[in-house]
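Listed here are the chains, written in short residue letters.
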Amino acid sequence: MSDSKALVLNIVEKQRKLIKIEYEAEKDKTNVKREILVSQGLCIQNLKSLSTVNGLQGLSLITFTDNRSNKQLDDHKITCGDHVLIRSSKDDKTTKGPSGIVYLLDSDEITVALDKESDQVFSDCCLIKQTVDTTYKRLEKAVNTIRANTVVGRTSPLIDLLLGCRLPGNLNEIGPIEFINSRLDDSQKEAVTFALRSKDLCIIHGPPGTGKTTSIVEVILQLVKRGLKVLVCAPSNIAIDNLVGRLASFKIENMIRLGHPARASENVLKFTLEAAIARNVENDTVKKIRQDIDSSRELGEWAKITKLMTDLKSHKKGSIKQILSSSNIILATLVSSSSDGPLQHLDDPDKHFDVLIIDECSQATEVACWIPLTYVDKCILSGDHYQLPPTVITTTAAKKDLELSLMERLLSRFDHEKVVRMLTVQYRMHQKIMEWSSKSFYSNKLIAHQSVENQSMSEISRLTDCPPLLLIDTAGCDMPELYLRSNGSNGNEYEASIAAIYVDYLIDKGVKPEHIGIVTPYNLQVELIRQRLKRSHPGVEIRSVDGFQGREKEVIILSLVRSNAKKATGFLREYRRINVAVTRAKKHLVVICDSDTVSAETHISSLIDHLKINGKVKSASEYSDLIRARNQQQPVRKRMRFI
């Protein structure tokens, strides 16, 4: 066996074992203690059904809200398109109950499209994220396909490249480019040009706020303009819907979004395959078949009905084939792009597409990317490996590199000049907020666009001298963390109170609650802060760092929680979480922490130094009287709950 073949087979076999570990851990969450699932963000507790309506092609849509006085749902990692089980909160191991797909989601409500019609009312329930067998089978199929092709020597040139058997090809020569979006900056134009010229592999690295989606949309439009067929994938339905919406703004009509209708947001439903089928089958042929079925049913001609139903099914398949074959752009999640899904209706998926684009590639497991990669000889990957990695449930699989994305692995292997173009102009953050992230992760290459570099809180409030950076330091103030054994999470009552007090201050100065986000790495801290703000300012969004990925707010308050003599930092060791948290802020970043404890982490120590040099520093002791006054207003039972 050749060295290159052995290398590929080793990589493939490792991925097979890792997805098996992950699947076995996920497939029966109903037997896992509920508090563990909650701590992992895989379960939303304390829910009640608010309404049930019939819609979405006959499916029942049931909307859940918080069963308590909270107006926001508990922190979680469930997203639109996820399959969830609906279970009673009272029975920790019940296996009975309906299931469905998350259709709509915001901070206050979650709507699920049920697999079966139901008028059931739920008064105290939870939602548990579930991996369905189809997902695992499609991942396993991708592994088996690459393994089989490797054994017989039929792997594609692109797979050989991605798995380490060859180097990228030379750039193609192309004519002058007339950019469709005239507002692209120079780094975006360079990335688009490089993507079009690349022979087989291009990586677009998009740091926070740099217009990665804008660049990807331009690449897609340029490829279609050149008469190419494009398959666009991403790990999440939200990312796919974002791309569909952006493409639609350019009046692109000839595109299809694959996936269950419940996995598509309302504004892109008309681009789903189901909507296209519905439009396509309302023709004279189908109407005639349906009329014949109705007539035959009245006459009791059952054999004829069977044949007519077969004809109707065949016509639907023909419609799907015609729709997909004629579409210039097909968009799907990575798992939905499997050849045993709708793409099976193409004559040959392996030869249909010219280019594959994987957006948010750094958030996808490598094996998920393999599903569509077997169709093409050229791929364009985009993402940011300095933000959150793929979600991996099991520690074992994570430690053995299931968290290592395809994009990150390729970046560690290839000369960046040959495969990568980084976007360098960011359109979100004040320059002072941006600078730490730019220096720490992006070789100090980021430039704040003039529209945001000196943006001020005076634009959204009565604050005229508010600095972009504020450190509220609890070091030396005797404000220790606490630990809740039941869900294995940390919190800090003092930091929670300071966050609430600072929110009071901002809103009193005219800042709207919806412009404020509070971020923390710990679920317990999310709950502690919500307790303090749920009645007075329910519009302030309070989330874990994971819940804020891809989001932004005018003001971000970051509570780092840890304060202990041992300088233990836990989650804070994950540098990407801190990068995500900091870069959510547009105009004002507030960090509340014990600088003595958290500076044990090098990346946080550099952040603290940046805040001290470029911002304002306040001791948490200045808030002591206000903390005591606020805590006296909290019900005693609530105050003692987490101690």
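Refer to the structure printed above.
Here goes a summary of the coordinates provided. (Residues numbered from 1 in each chain as written. Predicted model: local features only at pLDDT ≥ 70, side-chain atom pairs only at ≥ 80, totals over all residues. Heavy atoms only, no water.)

**Section: the packing of aromatic side chains**
Inference 1: Applying the stated criterion across every chain, the model contains 10 aromatic pairs.
Inference 2: Centre to centre, the rings of Tyr386 and Phe441 are 5.7 Å apart; their planes meet at 45 degrees, and the pair counts as tilted. Of this pair, Tyr386 sits in the loop between β12 (379-383) and α13 (395-402) while Phe441 sits in helix α16 (residues 431-441), placing them 55 residues apart in sequence.
Inference 3: In this structure Tyr386 comes out as partly exposed when scored by relative accessible area, which is 24%.
Inference 4: On the accessibility criterion, Phe441 (10% relative accessible area) is buried.
Inference 5: Connected via pairs of aromatic rings, a cluster forms that spans Tyr386, Trp436, Phe441, Tyr442 and Tyr575.
Inference 6: The positively charged end of Arg421 is found above the aromatic ring belonging to Phe194, 3.9 Å away from the centroid.
Inference 7: One residue, Arg577, lies across the ring of Phe571, its end atom 4.8 Å from the ring centre. (Phe/Tyr/Trp six-rings, centres within 6.5 Å; stacked < 30°, edge-to-face > 60°. Helix = DSSP H or I, 4+ residues; strand = E, 2+ residues; numbered from the N terminus. Buried < 20%, exposed > 50% of the residue type's maximum accessible area, 1.4 Å probe, protein only. Lys NZ or Arg CZ within 6 Å of the ring centre and 35° of its normal.)

**Things to note about the pattern of salt bridges**
Inference 1: Counting across every chain of the model gives 31 salt bridges.
Inference 2: For the salt bridge of Glu173 with Arg197, the shortest nitrogen-to-oxygen distance reads 3.3 Å. You can see Glu173 sitting in the loop between α4 (157-162) and α5 (186-197) and its partner Arg197 sitting in helix α5, a full 24 residues away along the chain.
Inference 3: Assessed through its relative accessible area of 70%, Glu173 is described here as exposed.
Inference 4: Look at the salt bridges and you will find they share partners, linking Arg428, Glu459, Glu552, Glu554, Lys586 and Lys587 into a network. (Salt bridge = Lys/Arg side-chain N within 4 Å of Asp/Glu carboxyl O.)

**A short note on the packing of helix α1 (residues 3-26) against helix α12 (residues 366-373)**
Inference 1: Look at α1 against α12: their axes get within 10 Å of each other, and the N-to-C directions meet at 115 degrees. Residues Ile11, Val12, Gln15 and Ile19 of α1 form the contact with α12, whose own contacting residues are Glu366, Val367 and Trp370.
Inference 2: Its residues assigned to classes, the contact of α1 with α12 shows 5 nonpolar, 1 polar and 1 charged. (Axes fitted to C-alpha atoms, helices over the stretch in contact; angles between N-to-C directions. Contact = heavy atoms within 4.5 Å. Nonpolar A, V, L, I, M, F, W, Y, C, P; charged D, E, K, R; others polar.)

**A short note on helix α21 (residues 602-614)**
Inference 1: Here α21 is 13 residues long and its end C-alpha atoms lie 18 Å apart, about the 18 Å a rise of 1.5 Å per residue gives.
Inference 2: Turning to α21, the residues buried within the fold contact α16, β16 (469-473), α19 (575-582), β22 (585-593), α20 (595-598) and β23 (616-619). (Expected span 1.5 Å × (residues − 1).)

**A closer look at the nonpolar core**
Soluble, globular proteins show a tendency: their nonpolar side chains are buried together.
Inference 1: Counting residues in each nonpolar core, the largest one holds 59 residues, and the members touching the most others are Leu201, Ile203, Trp370, Leu373 and Leu381.
Inference 2: Residues contacting Ile203, with those up to four places away along its chain left out, are Leu381, Met407, Leu410, Leu411, Val419, Val420 and Arg421.
Inference 3: Ranked by size, the runner-up nonpolar core spans 35 residues in total, among them Leu506, Val511, Val540 and Val555. (Core = buried A, V, L, I, M, F, W, Y, C linked by side-chain atoms within 4.5 Å.)

**Looking at the sheet that holds β16**
Inference 1: In space, the 6 strands of this open sheet follow the order β20-β19-β21-β22-β16-β23, with parallel pairing throughout. Looking at strand neighbours, the two that pair on one side only are β20 (541-544) and β23, the edges of this open sheet. Neighbour-to-neighbour, the strand axes of this sheet turn through a mean angle of 20 degrees, independent of strand direction.
Inference 2: Looking at chain direction, strand β19 (residues 516-520) and β20 are connected through 4 bridges and run parallel. Counted as the bridge partner of Ile518 is Ile542 from β20.
Inference 3: Packing of helix α18 (residues 523-533) onto the sheet brings it into contact with β19, β20 and β21 (553-559), and relative to β20 it is tilted by some 170 degrees. (Pairing = 2+ DSSP bridges.)

**Let's talk about the sheet that holds strand β13 (residues 420-422)**
Pairing between sheet strands relies on hydrogen bonds along the backbone, with the strands arranged either parallel or antiparallel.
Inference 1: Here we have 7 strands laid out as an open sheet, ordered β9-β10-β8-β11-β12-β7-β13, and parallel in their pairing. On the outer flanks of this sheet lie β9 (255-257) and β13, each paired with one strand and no other. Each strand of the sheet is rotated relative to its neighbour by a mean of 15 degrees, with strand direction disregarded.
Inference 2: Note that strand β11 (residues 355-358) and β12 share 3 bridges and pair parallel. By the bridge assignment for β12, Leu356 is matched with Cys379.

**Regarding the pairing of β19**
Remember that side chains alternate between the two faces of the sheet whenever the strand is regular.
Inference 1: With 5 of 5 residues buried, β19 lies mostly within the body of the structure.
Inference 2: Burial along β19 is two-sided: the face carrying Ile516, Ile518 and Thr520 and the face carrying Gly517 and Val519 are both buried.
Inference 3: Sheet analysis places β19 next to β21, joined by 4 bridges and oriented parallel. By the bridge assignment for β21, Ile518 is matched with Ile557.
Inference 4: The β-α-β motif built from β19, the intervening α18 and the parallel element β20 has right-handed crossover chirality. (Right-handed = clockwise from strand over helix to strand, strands pointing away.)

**A word on the environment of Asp124**
Inference 1: Secondary-structure assignment places Asp124 in the loop between β5 (109-114) and β6 (125-130).
Inference 2: In this structure, the C-alpha to C-alpha distance between Asp124 and Ser49, residues 75 residues apart in sequence, is 8.4 Å.
Inference 3: Not counting residues within four places of it along the chain, the set of residues in contact with Asp124 comprises Asn46, Leu47, Asn67, Ser88, Ser89 and Lys90.

**Notes on the side chain of Lys587**
Inference 1: Along the polypeptide, Lys587 turns up in strand β22.
Inference 2: Residue Lys587 is classed as buried on the basis of its relative accessible area, which comes to 7%.
Inference 3: Here the side chain of Lys587 touches Gln455 through a polar contact of 3.2 Å, side chain to side chain.
Inference 4: A distance of 2.5 Å separates the side chain of Lys587 from the side chain of Glu554, its partner in a polar contact.
Inference 5: Discounting chain neighbours no more than four positions away, the residues touching Lys587 are Ile433, Gln455, Ser456, Met457, Glu459, Ile460, Pro468 and Glu554. (Polar contact = N/O pair within 3.5 Å; in protein donor to acceptor, adjacent residues only side chain to side chain.)

**Some thoughts on the pairing of β16**
Inference 1: Burial analysis of β16 places 5 of its 5 residues in the buried class, the great majority of the element.
Inference 2: Along β16, one buried face is formed by Leu469, Leu471 and Asp473 and the opposite face, lined by Leu470 and Ile472, is buried too.
Inference 3: Looking at chain direction, β16 and β22 are connected through 5 bridges and run parallel. If you follow Ile472 over to β22, its bridge partner there is Ile592.

**Considering helix α17 (residues 493-508)**
Inference 1: With 16 residues, α17 should cover 22 Å at 1.5 Å per step; its first-to-last C-alpha distance of 23 Å lies within 8% of that length.
Inference 2: Listing the buried residues of α17 in full gives Glu493, Glu495, Ala496, Ser497, Ile498, Ala499, Ala500, Ile501, Tyr502, Val503 and Leu506.
Inference 3: Structurally, the start of α17 carries an N-cap: the backbone nitrogen of Tyr494 is 3.1 Å from a side-chain oxygen of Asn492.
Inference 4: Downstream of α17 by a residue or two, Gly510 has a phi angle that is positive, lying close to 100 degrees.

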